[in-house]
Amino acid sequence: MNISAYHAILSPEFPDFLHDYIRLPILQRLGGVGLLCGTDWTKLYSNRFSYTRLDHSIGTALITWHFTHDKKQTLASLFHDCATPAFSHVSDFRAGDALRQESTEEKTWEILTFDQDVRELVARDGINVCEIRDYHMYSVCDNEIPRLSSDRLEYMFPSAMALVDRIDSKTTWTMEDIKTTYENIRVLKNEDGADELGFLDAQVAEDYCLKFNDVGLLLLKNENKLTLSLLGKILNMAEEKKIVGETDFMTLSERRLIETFSEFEKAHPADDFSVLFRTFTNMTSIIRSGREVPGCYCVHVDVKKRHINPLVQTAQGTRRISDVSPRAKESIEHLLGFEDAPFGCVELGK
């Protein structure tokens, strides 16, 4: 994926004021954090390319700028993931927050409030830090599932292009698909009278809904649950055994952490940490079961259901695509009703 070309689709104009903010250490750190929550580091997935949380933050800011040309909303979008630790939403599994996946959001407020570099830049630009530290304030930037926002719109494009479903190996989006989809989006008014990203054409909105929800299904499968849960267990164990410290998850890149874990595994191959780490890195398939399987790492957990039901402009006014398209409604209902086997298991590495 040509990330620069993709970002140029999101906003042909790259606003100059963003450059100084992107260079800040609290954002540059995200260049070592992957968007896809640790799936880059296991053979269970075959991700086509790496896309970082910094790439995602820039992309989200560009979408917001393209549709609003508002500096405050754009900066709120740029900083929305500044508290994300290594391996992204694995931290939510560590914290027992797999269903909501919002465990790091309070730290964003703290980081932006007390970071001196941020305070100097926003003061220079005549912005109060309280206007950018909570992107939930701006409905174009963020809103509740299944509504469309710049954050939700951005993360699904590269996720769909990068992820490979080992069952059917289908590609969900191409760059041309993204361009066609994106050019059809406008800021519309939703049922609450708030601004929300939506579509001008029902066919484009239906196609987007079907593709988004297809990827959402991948994230509900036991492969994804097991990958994030197992890696969360590994991170907790690494901290307990003092292989790394808790602060390292906010300072070291994922690559450096994986290298550190690998070094420990080679020095202590029989350690229970090493067994789990080998399991994570080398697994290529999982076992679906109605119960825990002896000799396996097993997971049974409910996770966030990422789905979309976007607005579309029709002759009868602005409506949800589920009210216009039976296929879109069926797609949403299928995702919301999806249940994988009770347990996802993988044989522990020898």
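Heads up: the structure comes first, above all this text.
Residues numbered from 1 in each chain as written. Predicted model: local features only at pLDDT ≥ 70, side-chain atom pairs only at ≥ 80, totals over all residues. Heavy atoms only, no water.

If you walk through the whole model with that rule in mind, you get 22 salt bridges. Between K211 and D207 there is a salt bridge whose closest N-O contact spans 3.2 Å. In this pair, K211 and D207 both sit in helix α11 (residues 202-220), four residues apart, roughly one turn of the helix. Since its relative accessible area comes to 16%, K211 is described here as buried. In this structure, K241 engages D272 in a salt bridge whose closest nitrogen and oxygen atoms are separated by 3.1 Å. Pair noted here: K241 is in the loop between α12 (222-240) and α13 (248-251) and D272 is in helix α15 (residues 272-282), with a separation of 31 residues, a long-range link. Each of R147, E191, D192, E196 and R320 takes part in salt bridges that share partners, so that together they form one network. (Salt bridge = Lys/Arg side-chain N within 4 Å of Asp/Glu carboxyl O. Helix = DSSP H or I, 4+ residues; strand = E, 2+ residues; numbered from the N terminus. Buried < 20%, exposed > 50% of the residue type's maximum accessible area, 1.4 Å probe, protein only.)

This part is about the state of the cysteines. Tallied over the entire structure, the rule returns one disulfide. The disulfide bridge from C298 ends at C345, spanning 2.3 Å between sulfur atoms. The sign of the S-S torsion, about 115 degrees, decides the handedness of the disulfide formed by C298 and C345: right-handed. One end of the pair, C298, is in strand β4 (residues 296-299); the other, C345, is in strand β7 (residues 343-347), with 47 residues separating them in the sequence. Under the relative-accessibility criterion, C345 is labelled buried at 0%. Distance from the sulfur of C130, which forms no disulfide, to the nearest cysteine sulfur (C141) is 15 Å. Judged by its relative accessible area of 34%, C130 is partly exposed. (Disulfide = S-S within 2.5 Å.)

On to the side chain of T314, then. By secondary structure assignment, the location of T314 is in strand β5 (residues 311-314). Among the polar contacts made by the side chain of T314, one reaches the main-chain carbonyl oxygen of G317 at a distance of 2.6 Å. What T314 contacts, discounting residues up to four positions off in sequence, is R319 and V324. (Polar contact = N/O pair within 3.5 Å; in protein donor to acceptor, adjacent residues only side chain to side chain. Contact = heavy atoms within 4.5 Å.)

Helix length check: α11, at 19 residues, gives a terminal C-alpha distance of 27 Å against a target of 27 Å (1.5 Å per residue), a fit within 8%. Among the 19 residues of α11, 14 are classified as buried, and the element is accordingly described as predominantly covered. The N-terminus of α11 is capped by D201, whose side-chain oxygen sits 2.9 Å from the backbone nitrogen of Q203. (Expected span 1.5 Å × (residues − 1).)

For the structure on display, the rule yields 14 aromatic pairs. With 6.1 Å between their ring centres and 80 degrees between their planes, Y21 and F79 make a pair best called edge-to-face. Pair noted here: Y21 is in helix α2 (residues 18-22) and F79 is in the loop between α5 (71-78) and α6 (90-94), with a separation of 58 residues, a long-range link. For the pair Y21 and F79, one class covers both residues: buried. Ring geometry for F157 and W173: centres 5.2 Å apart, planes at 85 degrees, overall edge-to-face. Of the two residues, F157 is situated in helix α9 (residues 150-162) and W173 in the loop between α9 and α10 (175-182); the sequence distance between them amounts to 16 residues. Across this residue pair, the class does not change: F157 and W173 are buried. An aromatic cluster is built from Y6, Y51, F157, W173, F199, Y208 and F212, whose rings are joined through pairwise contacts. We note K71 situated over the ring of F17; from NZ or CZ to the ring centre the distance is 5.1 Å. (Phe/Tyr/Trp six-rings, centres within 6.5 Å; stacked < 30°, edge-to-face > 60°. Lys NZ or Arg CZ within 6 Å of the ring centre and 35° of its normal.)

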